[in-house]
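Per-entry structural report
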Amino acid sequence: MEISFIGAGNLAWHLAPALENAGHHINEVYSRQLQHARQLVSNLYDARTHSDLNFADSPSRLFVLAVSDQAIETVCSQLVLPENAILVHTSGGQSLKNLEHWMAIYSDVPIRTGVFYALQTFTRGRSFMAFEGIPLCIEASDPSTEEALVQLGQDISDIVYIVSSEERLTLHISAVFACNFTNHLMALAHDLTVQQGLEFDLLKPLISETFRKGLAVGNPADVQTGPARRSDLVTLDKHLTYLQSQPRLSEMYQVLTESIQQYYATHDL
Ligand SMILES: NC(=O)c1ccc[n+]([C@@H]2O[C@H](COP(=O)([O-])OP(=O)(O)OC[C@H]3O[C@@H](n4cnc5c(N)ncnc54)[C@H](OP(=O)(O)O)[C@@H]3O)[C@@H](O)[C@H]2O)c1
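Residues numbered from 1 in each chain as written. Predicted model: local features only at pLDDT ≥ 70, side-chain atom pairs only at ≥ 80, totals over all residues.

1. A look at the overall build of the protein chain
In terms of helices and strands, the protein chain carries 10 helices and 8 strands. Taking the principal axes of the C-alpha coordinates as reference, the protein chain spans close to 70 × 40 × 30 Å. Counting every position in the protein chain, which comprises 269 residues, the buried fraction comes to 28%. (Helix = DSSP H or I, 4+ residues; strand = E, 2+ residues; numbered from the N terminus. Buried ≥ 20, exposed ≤ 12 C-beta atoms within 10 Å, placed from the backbone.)

2. Observations regarding the domain arrangement of the protein chain
How large an interface is tends to be reported as the accessible area lost when its parts come together. You can read the domains of the protein chain as domain 1 (2-163) and domain 2 (169-266). Centre-to-centre, using C-alpha coordinates, domain 1 lies 36 Å away from domain 2. Contacts between the two partners involve 6 residues from domain 1 and, on the opposite side, 5 residues from domain 2. Taken together, the residues of the side of domain 1 that touches domain 2 break down into 3 nonpolar, 3 polar and no charged. (Domains from an automatic or database assignment. Contact = placed C-beta atoms within 7 Å. Nonpolar A, V, L, I, M, F, W, Y, C, P; charged D, E, K, R; others polar.)

3. A word on the site of the ligand
Neighbouring the ligand are 25 residues; Gly 9, Arg 32, Gln 33, Ala 71 and Ser 91 lie closest to it. The set of elements that each furnish at least two residues to the shell around the ligand consists of helix H1 (10-21), helix H3 (72-78) and strand E6 (112-118). Considering every element that reaches the shell around the ligand, the biggest residue donor is H1, with 3 residues. Each residue belonging to the shell around the ligand can be placed in one class, and the counts come to 10 nonpolar, 12 polar and 3 charged. (Near = placed C-beta within 6 Å.)

4. Here we look at unusual backbone geometry
Within the chain, Asn 84 stands out as a residue other than glycine whose phi angle is a positive 65°. Along the polypeptide, Asn 84 turns up in the loop between H3 and strand E5 (86-89). In this structure Asn 84 comes out as exposed when scored by C-beta crowding, with 11 C-beta atoms within 10 Å. Although it is not a glycine, Ser 231 adopts a positive phi angle of roughly 55°. Locating Ser 231 in the fold gives a position in the loop between helix H8 (227-230) and helix H9 (233-242).

This is how it looks when you write it as structure tokens:
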């Protein structure tokens, strides 16, 4: 398929080469800051940078909106696309209805819309991710667009689902808990150890085993350990005393401790 990218951030960095490697052709990359588009283009076969949002003469059939969620409407309000082009956004949290609505009010020609959401964490500049094992959540405004997007998804991934906007929101919130919050907690653990002159590396086997074990069982709750799970009030109190000088950490420690305690008080585990 002939494809153009609008946005050259974390997601586009990985998705554009994956589509090319599956035999698709990236024609153009637009980015607000042109140098970001240039960097992405330098990793593609013969894509060109596109300096504005007028794609009226583009040979592409699919336009991938890979911009921050808050920028989607602004970009839609300036986008000029060929008639019957497919425009997809790549967001976990934005509904398809919003995209359909924006294109209905901003575009002079009919546009087919969809969602192409990859349930993974992507960081620009890191080595290219293999998409085979990455779940792709597809939604589309009409059956033929859905068929085209499912086919495209299956070209790069073994895990392609039709997912409604409501289901996608649930997955996105779950992803924030499973990925963004756990990563932030690792960053806080990093700072605590480094503040005391200790190596963060000391925690890495523990972190690896936590993920390995949590993923090996049906429900990670089955393998929860620690003072909150054991109702070890003496240790909990000692930890909170240690954290007295760091009120934000102390607050988070208490919220998470209460969450664990409440979870096991109300679940039959
Ligand atoms: N990163 C992930 O792990 C991940 C995973 C799944 C889905 N997604 C989704 O992918 C989409 C892109 O996320 P990302 O992580 O790639 O974001 P990102 O790295 O922050 O990149 C955002 C892109 O949006 C552009 N942009 C921001 N504000 C703009 C505006 N007002 N007008 C025009 N362009 C604007 C930026 O342009 P400049 O480069 O010029 O600043 C950049 O190209 C989002 O919908 C996100 O939910 C991300």
